[in-house]
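Report on the structure
One-letter residues, chain by chain:
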Amino acid sequence: MALSVFLAVLAACSNALGTVLQRRAALTVPASTSLRLGLILDLLRRPVWLAGIAGVTASAILQALALASGSLAMVQPIFILELPLALVIGGAVFHVHRSRKAWSSVACIAAGLTVFLFSLAPSGGRDTVSGFRWVPTLLVVGGIATALVLAATRRPLGTARASCLAAGAALGNALTAALMKSAMAILGDQGLEAFLLSWQTYGFAMIGATSLFLLGTAMQAGPLIASQPALTLTDAVTGVALGVTIYAEVPRTGMWLVPALTGFAVLTYGVLALSRTRCLANCLNTDEEQPHAVEHAMG
């Protein structure tokens, strides 16, 4: 378990670096009220975005290794650390002064996450999930994500649009992790050929790519306070839920739920408070005070 936690922290760090670079690149292309694939073509021309993709790719590899040796309900919430790590990395890269409020928010996130995971301490569970169990999971999670994206397309650029898109991306991230864990178990038990032939491998690749696209649009759609909490908290909660429901991982219950909920409340406060700080926006190279330019879709 210690190894999986260590790998998950490294994955969060790599993802934070990728997020900082992707955010910087995403705000150099015109914003759009439509979910256009041309956004990806615009970003592919920017070396900073490609470097961000390299960070995300390394994060995915580390995440896969963490999931191969640990539980989904333990590994996925650790990605909440991506937010304070983005503050640390972005501040160092862009020479941004970090305020006392930002550092106290980071402390709340770290302490709350530690208490939350220590209290739940999920154990047991299965390494693979049979095919019929995936059907309701894909329908429910995919259906909610689709509803959120459709709701976002009906909203103008702003808080509601950014929140819906980020939450949809978070659901995709959690589902990607769940499929990745199953694919890694197939790789370990049956070898590379079975891994390359399994539908889970292509499932997590496609869903992961879709989530990456949604995250890019969420970054453009509205302020950081809208997108970042929706992304980090939804990902963590969904990861725990999928670990418990489809992988039969068993968290501690009873009186342990009191510190677990307290820890989650503290880290939620930390996430919301940090997302409101100007220094985090500067670390991610955003300008929260300036309205986004709107590019009309070309007919």
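Residues numbered from 1 in each chain as written. Predicted model: local features only at pLDDT ≥ 70, side-chain atom pairs only at ≥ 80, totals over all residues. Heavy atoms only, no water.

Notes on the packing of helix α11 (residues 224–245) against helix α12 (residues 257–275)
At a minimum axis separation of 8 Å, α11 and α12 run at an interaxial angle of 155°. Compared by their axis directions, α11 and α12 come out roughly antiparallel. The handedness of the crossing between α11 and α12 comes out as right-handed. Here α11 contributes Leu 224, Ile 225, Gln 228, Pro 229, Thr 232, Leu 233 and Val 237 to the contact with α12, which in turn contributes Phe 264, Leu 267, Thr 268, Val 271, Leu 272 and Ser 275. Classifying every residue of the contact of α11 with α12 gives nine nonpolar, four polar and no charged. (Axes fitted to C-alpha atoms, helices over the stretch in contact; angles between N-to-C directions. Helix = DSSP H or I, 4+ residues; strand = E, 2+ residues; numbered from the N terminus. Parallel < 35°, antiparallel > 145°, perpendicular 65-115°, else oblique. Left-handed = near helix turned anticlockwise from the far one by under 90°. Contact = heavy atoms within 4.5 Å. Nonpolar A, V, L, I, M, F, W, Y, C, P; charged D, E, K, R; others polar.)

Re the packing of aromatic side chains
All told, the structure shown has four aromatic pairs when counted by the stated rule. An angle of 50° between the planes, with centres 5.4 Å apart, marks the rings of Phe 116 and Phe 264 as tilted. Taken together, the residues span a long stretch of sequence, with Phe 116 in helix α6 (residues 100–120) and Phe 264 in helix α12 at a distance of 148 residues. Look at Phe 116 and you get buried, because its relative accessible area is 11%. Assessed through its relative accessible area of 21%, Phe 264 is described here as partly exposed. Here the aromatic rings of Phe 118 and Trp 256 are separated by 5.9 Å at their centres, their planes lie at 75°, and the arrangement is edge-to-face. Of this pair, Phe 118 sits in helix α6 while Trp 256 sits in the loop between α11 and α12, and the two are 138 residues apart along the sequence. Pairwise contacts between aromatic rings join Trp 134, Trp 199 and Tyr 247 into one cluster. (Phe/Tyr/Trp six-rings, centres within 6.5 Å; stacked < 30°, edge-to-face > 60°. Buried < 20%, exposed > 50% of the residue type's maximum accessible area, 1.4 Å probe, protein only.)

Remarks on the nonpolar core
Counting residues in each nonpolar core, the largest one holds 53 residues, and the members touching the most others are Ile 80, Trp 134 and Leu 274. For this core, the element with the most residues is helix α8 (residues 159–190), which contributes nine residues. Counting residues in each nonpolar core, the second largest holds 17 residues, with Ala 152, Ala 162, Ala 167 and Ala 221 among its members. (Core = buried A, V, L, I, M, F, W, Y, C linked by side-chain atoms within 4.5 Å.)

Overview of the confidence of the model for the protein chain
With 86% of its residues at a pLDDT of at least 70, the protein chain reaches an overall mean of 83. This model gives residues 289–299 a pLDDT under 50, and the stretch forms 18 contacts once residues within four places in sequence are excluded. (pLDDT = per-residue confidence, 0-100.)

Focus: the side chain of Asp 235
Along the chain, Asp 235 falls in helix α11. The charged side chain of Asp 235 is buried without a salt bridge, its nearest counter-charge being Lys 181 at 14 Å. A polar side-chain atom of Asp 235 sits 2.8 Å from a polar atom in the side chain of Gln 76. (Lys, Arg positive; Asp, Glu negative; His and termini not counted. Salt bridge = Lys/Arg side-chain N within 4 Å of Asp/Glu carboxyl O. Polar contact = N/O pair within 3.5 Å; in protein donor to acceptor, adjacent residues only side chain to side chain.)

Points about the environment of Thr 210
As for its position among the elements, Thr 210 is in helix α10 (residues 199–221). Taking the C-alpha atoms as reference points, Thr 210 and Gly 168, 42 residues apart in sequence, are found 9.8 Å from one another. One polar contact links the side chain of Thr 210 to the main-chain carbonyl oxygen of Met 206, over a distance of 3.0 Å.

Looking at the environment of Gln 76
Topologically, Gln 76 is positioned in the loop between α4 (72–75) and α5 (82–94). On the basis of relative accessible area, Gln 76 is assigned to the buried category, the value being 1%. Sequence separation of Gln 76 and Ala 174 is 98 residues, and the distance between their C-alpha atoms is 7.2 Å. Separated by 3.0 Å, the side chains of Gln 76 and Gln 63 make a polar contact.

Let's talk about the environment of Pro 156
Inspection of the secondary structure assignment puts Pro 156 in the loop between α7 (131–153) and α8. Residue Pro 156 is classed as exposed on the basis of its relative accessible area, which comes to 61%. Sequence separation between Pro 156 and Ala 221 is 65 residues, and the spatial gap between their C-alpha atoms is 8.3 Å.

Considering a nonpolar patch on the surface
Judged by side-chain polarity, Val 135, Leu 139, Val 140 and Ile 144 come together as a nonpolar surface patch covering roughly 380 Å² of accessible area. By secondary structure assignment, the location of Ile 144 is in helix α7. Ile 144 sits in the partly exposed class, given a relative accessible area of 44%. (Patch = residues over 30% accessible without salt bridge, like charges linked within 9 Å, V, L, I, M, F, W, Y side chains within 5 Å. Areas by Shrake-Rupley, 256 points an atom, 1.4 Å probe, with all protein chains shown as cover.)

What to know about helix α3 (residues 47–69)
In a regular helix each residue adds 1.5 Å, so 23 residues correspond to 33 Å; α3 covers 34 Å between its end C-alpha atoms and thus fits that length. Considered for burial, the residues of α3 that qualify are Trp 49, Gly 52, Gly 55, Ser 59, Gln 63, Ala 64, Ala 66 and Leu 67. (Expected span 1.5 Å × (residues − 1).)

A few points about the packing of α5 against α12
In contact at an axis separation of 10 Å, α5 and α12 are set at 35° when each is read in the N-to-C sense. Handedness of the α5/α12 crossing: left-handed. Here α5 contributes Leu 83, Pro 84 and Leu 87 to the contact with α12, which in turn contributes Val 271, Leu 274 and Ser 275. Residues belonging to the contact of α5 with α12 are distributed by class as follows: five nonpolar, one polar and no charged.

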